[in-house]
Amino acid sequence: MADTAVPLAKVERAGFVPGVAYALLAVAVLLAIARPWLPEVLVRVPDWMILPYEGWFQWFFDFLKDDLGLIHVTRAISAVLEWFLDATANLLYGKSRWPNIGPIPWTAIAAVAAVIGYGLGGWRLALLAGGTSVWVSLIGQWDLAMQTLSVIAVAAPAAFMIGLSLGILAWKSSRFEAIMRPTLAVLQTLPFFTYLLPAVIFFKVGPTAGCVATIVYAIPPMVLMTTLGLKKVPPEVVEAGLMSGSTRWQMLRHVYLPAARTEILVGVNQVIMLSLAMVVLTAFIGMPGLGAKLLALMNSLKLGRSFEIGVTIVLIAITLDRLSKAWIVKQPQHFMRGTPWWRRNQLLLVGIGLFIGLIIVAQFVQVADQLTRGQDLSMGSEIDDIIRGALANPTVDAATSWLRQVMITYILIPFRNAVLWLPSLSIILCLAAAGYAVGGRRSALLAGGFFAIVALTGWWDRAMITVYAVFSAVIIAMLIGLPLGILAARNKKWSEPILLVCDTAQTFPSFIYLIPAIMLFGVNDLSVIFAIVIFATVPLMRYTIEGIRNVPAELIEAAEMSGASRSQKLWKVQIPLALPTMAIGFNQAIMFAFFMVIIAAFIGTQDLGQELQKTLAGNQLGKNLVLGMCVALMALSFDHIIMRWSETRRKALGVA
């Protein structure tokens, strides 16, 4: 074991610059200790130093909107989007607009979904796709689901086309890629409320604004995966295309894009999932559908009906996820020359036949067309009664009351007060010290500088309440996720159910996590933390499993040959070598927590999310962007520190 420990000890020091980092940390600690005697300027940024970011942003967008006439361009785009949205709305749920031929009967859509599922993944996927459609109709949520999917049907293809085009440009031009990377990083860390208000101002309230916000939100992964896929095309494939005399367009169309098919389709999967997640959240700006209904029901604490809609959203998310993933792995099917057209397109013909046949049947059989309110099988009120009965159980009530009192009184509130008590400069220097330790001067300036900008906005206390909620949740998530991840990585009996839970939880729209939080703890800080914990535990478990499983077998064998026990192998070999991958999980948990804490503003918080939510009602675009910038900068600061540390450690381990 001595031979294994020596290189790992070197790894611990790799990239670490102790002198300046320790000095910055020491100053931060001294400032915290001397807090009662510090002048106010060192505790919080005084009012006269706060920069007027809100006015600057508001002036800039007013200039774009009014002086440059951008509002006329966006209104023209809005008219085009409305045309497409009217068409999908008419076909899916019967809005009286062009082409005036809808709605398509639910049975016809269910049959086509089942045929597509069979073509992509066999009978199991056919049952999932068709069964989800049947569930949505039987539970009385068909129109709501179609309102949601009618927007996704427009937003996802638009995000795909824009993302693909930008990805190709970034692959072609290193200068354009250098501009796109930080832009995409910021877009991926902005809270979703920041997307909503500009969409409302520049586009019309309702489905149009919701569609625009969804498109912008879903573009980044498509750009990144397209660029990655095109860069990974093997040189020999490119040489073969050039030797055949292909033009630049032919090379792109027939060589690069087919060779990058897997990565591009992974991007498509991410676009679809992000579109579904965002289109539910656009309920805050008048987007109809499942999200709006869920928001209304949760406002009135009708948790039974909320649970039903939550299950529907989850089933739709799982179905879309499985279908798109099956498309990724499915290879094109080839036929012998001379094979009849009907044989090459059997599934297509079956799908068309079922579609037309069920449309005809629906003209004569009412339940094949749509289920009325009296015919559905909704059990929302019964579920409400069950939930009330379970929560009224003395044992459950005593347990939740005790946990609520202990966590809020003795842990959460003291931690929040401690974070708020610390001087701004102390926290900024701590982050600068961490940045210097992992990446030198540049990382120190980035990590500390981002928080310094937050301090200069005047929203420091609200930002620190956000940080308190994020780190409280992530610490609890670590206490749950890391042991479960280690257990799953070392025990095959546990790995499958835990991975299944991870896969399922990743398809849940974020609103769903608020339901059990409200059910168990009411509306308070613990509910917010609990909702974030559920959301943030998943990446911690998944990356812990991946990190430990990917430790080279020869290193484990070497440890066994040196006489290491099972626990020694875990703590001296597997975990140290898995830490770079586990750090990615920790980073993802923090990013997820920042995302979720903004959504949790819905159930009552005092952080930036609550202020962001207020800006939607007040139409305060400048304030909205400043608050969104604060969340993004804090998330980027932690992201930079963790990912830089992970990268440094990977290089030290020789696995960069």
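In this text, all values refer to a predicted model and were calculated from it rather than measured experimentally.

(A) Quick peek at the overall build of the protein chain. For the protein chain, the count of helices and strands is 30 helices and 0 strands. For 656 residues, the compact-globule estimate of 2.2 N^0.38 gives 26 Å, and the C-alpha radius of gyration of the protein chain, at 27 Å, lies within 12% of that figure. Total accessible area computed for the protein chain in this model is approximately 31,300 Å², and 67% of it derives from carbon and sulfur atoms. The positive charge centre, built from 48 side chains, and the negative charge centre, built from 35, are 6 Å apart in the protein chain.

(B) Looking closely at the environment of Thr227. Topologically, Thr227 is positioned in helix α11 (residues 207-231). Judged by its relative accessible area of 4%, Thr227 is buried. Sequence-distant contacts of Thr227, defined by excluding residues within four places in its chain, comprise Gly167, Ala170, Trp171 and Glu177.

(C) Highlighting helix α7 (residues 123-138). For α7, which comprises 16 residues, the first-to-last C-alpha distance of 21 Å matches the rise-based estimate of 22 Å (1.5 Å per residue) to within 8%. When we look at burial in α7, the residues that qualify are Leu125, Ala126, Ala129, Gly130, Thr132, Ser133, Val136 and Ser137. Projected down its long axis, α7 shows its buried positions confined to an angular sector of 145°, all on one face. Residues Trp123, Arg124 and Leu127 are exposed on α7 and point more than 90 degrees away from its buried face. For α7, the elements touching its buried residues are α6 (106-121), α8 (142-172) and α16 (303-329).

(D) A look at the packing of α8 against helix α13 (residues 248-259). Contact geometry for α8 and α13: axes closest at 14 Å, N-to-C directions at 110°. With respect to each other, α8 and α13 are oriented roughly perpendicular. Counting all contacts with α8, which are made through Leu164, Ile168, Trp171 and Lys172, the residues of α13 involved are Arg248, Leu252, Tyr256 and Leu257. In the contact of α8 with α13, the residues fall into 6 nonpolar, no polar and 2 charged.

(E) Region of the structure containing the pattern of salt bridges. Enumeration over the complete set of coordinates arrives at 14 salt bridges. Close ionic contact of Asp461 with Arg44 constitutes a salt bridge, the shortest N to O distance being 2.9 Å. Here Arg44 lies in the loop between α3 (40-43) and α4 (53-67) and Asp461 lies in helix α23 (residues 460-490), a separation of 417 residues in the sequence. Taking the relative accessible area as the measure of exposure, Arg44 reaches 14% and is therefore buried. For Lys325, the salt bridge identified is with Asp321, shortest N-O distance 3.3 Å. Here Lys325 and its partner Asp321 are both found in helix α16, 4 residues apart, which amounts to about one turn of the helix. Using a relative accessible area of 5% as the deciding quantity, one classes Asp321 as buried.

(F) Representation of the nonpolar core in the model. In this structure, Phe192, Phe451, Phe511 and Leu514 are the most contacted members of the largest nonpolar core, which totals 162 residues. For this core, the leading source of residues is helix α30 (residues 621-653), giving 15 residues. Excluding its chain neighbours within four sequence positions, the residues that come into contact with Phe451 are Ile427, Ile428, Leu431, Trp460, Met464, Val467, Met634, Ser637 and Phe638. By size, the runner-up hydrophobic cluster in this structure holds 9 residues, among which are Ile486, Val551, Ile556 and Leu570.

(G) Structural view of α11. A rise of 1.5 Å per residue sets the reference length of α11, with its 25 residues, at 36 Å; its end C-alpha atoms lie 36 Å apart and thus fit the reference within 8%. Ile219 marks the point of greatest bend in α11, at about 35°, and the proline Pro220 comes within the next four residues. Counted residue by residue, α11 has 20 buried out of 25 residues, so it is predominantly covered.

(H) Focus on the side chain of Ser78. Structurally, Ser78 can be placed in helix α5 (residues 70-93). Ser78 sits in the buried class, given a relative accessible area of 1%. Not counting residues within four places of it along the chain, the set of residues in contact with Ser78 comprises Phe203, Lys204 and Thr208.

(I) Just the state of the cysteines, in detail. The tally for this structure, following the rule as stated, stands at 0 disulfides. The structure places no disulfide on Cys430, whose sulfur is separated from the nearest cysteine sulfur, that of Cys630, by 19 Å. Note on Cys430: relative accessible area 33%, which makes it partly exposed.

(J) Looking closely at the environment of Lys614. Examined against the element boundaries, Lys614 turns out to sit in helix α29 (residues 608-618). Taking relative accessible area as the criterion, Lys614 reaches 43% and is therefore assigned partly exposed. Lys614 sits 10 residues away from Asn624 along the chain, and the two C-alpha atoms are 8.8 Å apart.

(K) Expanded view of the domain arrangement of the protein chain. What the domain assignment lists for the protein chain is domain 1 (17-49 + 423-457), domain 2 (68-100 + 150-287), domain 3 (105-138 + 300-332 + 340-368) and domain 4 (388-421 + 458-653). For domain 3 versus domain 4, the distance between C-alpha centres works out to 34 Å. Here domain 3 meets domain 4 over a buried area of about 790 Å², counting both sides, of which 84% is carbon and sulfur. Here domain 3 is connected to domain 4 by 0 salt bridges. For the side of domain 3 that touches domain 4, a count of residues per class yields 7 nonpolar, 2 polar and 2 charged.

(L) Quick look at a nonpolar patch on the surface. Residues Trp341, Trp342, Leu348, Leu349, Ile352, Ile356, Ile360, Val361, Phe364, Val365 and Val367 make up a contiguous nonpolar surface patch of roughly 1,100 Å² in combined accessible area. For the nonpolar patch, the elements supplying multiple residues, two or more each, are α17 (341-344) and α18 (346-362). Of all the elements, α18 adds the most residues to the nonpolar patch, at 6 residues. Along the chain, the position of Phe364 falls in the loop between α18 and α19 (366-369).

(M) Just the side chain of Asn90, in detail. Take Asn90: it is sitting in helix α5. Ignoring any residue separated from it by four or fewer positions in sequence, one finds Asn90 in contact with Lys95, Arg97, Trp98, Pro99, Asn100, Ile101, Gly102 and Pro103.

(N) Up close: the environment of Val311. With respect to the secondary-structure elements, Val311 resides in helix α16. A relative accessible area of 25% places Val311 in the partly exposed class. In the structure, Val311 is positioned 175 residues away from Val136 in sequence and 9.5 Å away in space, judged by C-alpha atoms.

(O) Structural context of the confidence of the model for the protein chain. The predicted model of the protein chain has a mean per-residue pLDDT of 85, with 96% of residues at 70 or higher. Low pLDDT, under 50, characterises residues 1-16; the predicted model gives this stretch 23 contacts beyond four residues in sequence or across chains.

The rules we used
- Residues numbered from 1 in each chain as written.
- Predicted model: local features only at pLDDT ≥ 70, side-chain atom pairs only at ≥ 80, totals over all residues.
- Heavy atoms only, no water.
- Helix = DSSP H or I, 4+ residues; strand = E, 2+ residues; numbered from the N terminus.
- Rg over C-alpha atoms; globule rule 2.2 N^0.38 Å.
- Areas by Shrake-Rupley, 256 points an atom, 1.4 Å probe, with all protein chains shown as cover.
- Lys, Arg positive; Asp, Glu negative; His and termini not counted.
- Charge placed at Lys NZ, Arg CZ, Asp CG, Glu CD.
- Buried < 20%, exposed > 50% of the residue type's maximum accessible area, 1.4 Å probe, protein only.
- Contact = heavy atoms within 4.5 Å.
- Expected span 1.5 Å × (residues − 1).
- Arc of directions from axis to C-beta.
- Axes fitted to C-alpha atoms, helices over the stretch in contact; angles between N-to-C directions.
- Parallel < 35°, antiparallel > 145°, perpendicular 65-115°, else oblique.
- Nonpolar A, V, L, I, M, F, W, Y, C, P; charged D, E, K, R; others polar.
- Salt bridge = Lys/Arg side-chain N within 4 Å of Asp/Glu carboxyl O.
- Core = buried A, V, L, I, M, F, W, Y, C linked by side-chain atoms within 4.5 Å.
- Bend = angle between axes of the 7 residues up to and from the residue.
- Disulfide = S-S within 2.5 Å.
- Domains from an automatic or database assignment.
- Buried area = accessible area lost by both parts, 1.4 Å probe.
- Patch = residues over 30% accessible without salt bridge, like charges linked within 9 Å, V, L, I, M, F, W, Y side chains within 5 Å.
- pLDDT = per-residue confidence, 0-100.

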